[in-house]
Amino acid sequence: ETGVTQTPRHLVMGMTNKKSLKCEQHLGHNAMYWYKQSAKKPLELMFVYSLEERVENNSVPSRFSPECPNSSHLFLHLHTLQPEDSALYLCASSQARGTGNEQYFGPGTRLTVT
Amino acid sequence: DAKTTQPPSMDCAEGRAANLPCNHSTISGNEYVYWYRQIHSQGPQYIIHGLKNNETNEMASLIITEDRKSSTLILPHATLRDTAVYYCIVRLMTTDSWGKLQFGAGTQVVVTP
């Protein structure tokens, strides 16, 4: 595997379910990100982990819970979601510091909440 | 971070150069200009970035005006696979930060045969 991978690619869940999204990066980076992209809206940054420490939490509801066990893996735990949470969830990684540390994105998980 | 202004859409003929403008009149001295693109329902893809000087890589060229208030992304020979939303982002970068990317609405580029 190369780059940034995300699983599953598609997920349908009910409002009472609990599920997790997984992201893995194979680029030797030490910062990882979760973004949300709803239909017809720009990407919204949700969480940032830099050197395995959460450094950004953009007023995201508590039904979304991130976890970063090491610099290569990032999870987004989901529970009691709402239909408006249906979106494309994108993971990205980069070097934590320095100029020119562009972010590399995964293909995303298309989430549908029924 | 400074905001950017891009046209909502552009058409381009296959094989021709595509010139994508971006205005960032409030950019500050330590903010870089970044370009990403997003092909439908895929993750954004990094294209190029620059601070003051023009930059070129295998994908595109970036021309930044001398006052840094605007820039142009040039795709030298557009192909159908270049159809995507292109995002111009001004990003504050320092040596000790991860540098937030703020995505706007971007420009929908459609390359036609």
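What counts and what doesn't
- Residues numbered from 1 in each chain as written.
- Chains lettered and ligands numbered in written order.
- Predicted model: local features only at pLDDT ≥ 70, side-chain atom pairs only at ≥ 80, totals over all residues.
- Heavy atoms only, no water.
- Core = buried A, V, L, I, M, F, W, Y, C linked by side-chain atoms within 4.5 Å.
- Buried < 20%, exposed > 50% of the residue type's maximum accessible area, 1.4 Å probe, protein only.
- Helix = DSSP H or I, 4+ residues; strand = E, 2+ residues; numbered from the N terminus.
- Contact = heavy atoms within 4.5 Å.
- Phe/Tyr/Trp six-rings, centres within 6.5 Å; stacked < 30°, edge-to-face > 60°.
- Lys NZ or Arg CZ within 6 Å of the ring centre and 35° of its normal.
- Polar contact = N/O pair within 3.5 Å; in protein donor to acceptor, adjacent residues only side chain to side chain.

J.: Outline the nonpolar core, supporting the account with residue identities and numerical values.
T.: Residues and elements named next belong to chain A. The biggest cluster of nonpolar side chains holds 22 residues, and the ones touching the most others in it are Trp34, Phe64, Leu76 and Leu78. Where this core is concerned, the elements lending two or more residues are strand E2 (10–13), strand E3 (18–25), strand E4 (31–37), strand E5 (44–50), strand E7 (64–70), strand E8 (73–79), strand E9 (87–94) and strand E11 (109–113). Beyond its immediate stretch of four places on either side in the chain, Leu78 contacts Leu11, Met13, Asn17, Lys18, Lys19, Leu21, Arg63, Phe64 and Leu111.

J.: Provide a residue-level description of the packing of aromatic side chains, including the pertinent values.
T.: Residue and element names in this part refer to chain B. Scanning the entire structure with this criterion turns up 10 aromatic pairs over all chains. Considering the side-chain rings of Tyr36 and Tyr46, the 5.8 Å spacing of their centres and the 70° angle between planes classify their relative orientation as edge-to-face. In this pair, Tyr36 sits in strand E3 (residues 31–38) while Tyr46 sits in strand E4 (residues 45–50), placing the two residues 10 residues apart along the sequence. Judged by its relative accessible area of 0%, Tyr36 falls in the buried class. Positioned above the aromatic ring of Tyr34, the side-chain terminus of Arg91 is 4.9 Å from the ring centre.

J.: Break down the side chain of Ser61 of chain B for me, citing the residues and quoting the values.
T.: All names here are of chain B. For Ser61, the position within the fold is in strand E6 (residues 61–64). A polar contact of 3.0 Å, which involves the side chain of Ser61, links it to the side chain of Thr56. Setting aside chain neighbours within four positions, we find Ser61 in contact with Ile48, Glu55, Thr56, Thr72, Leu73 and Ile74.

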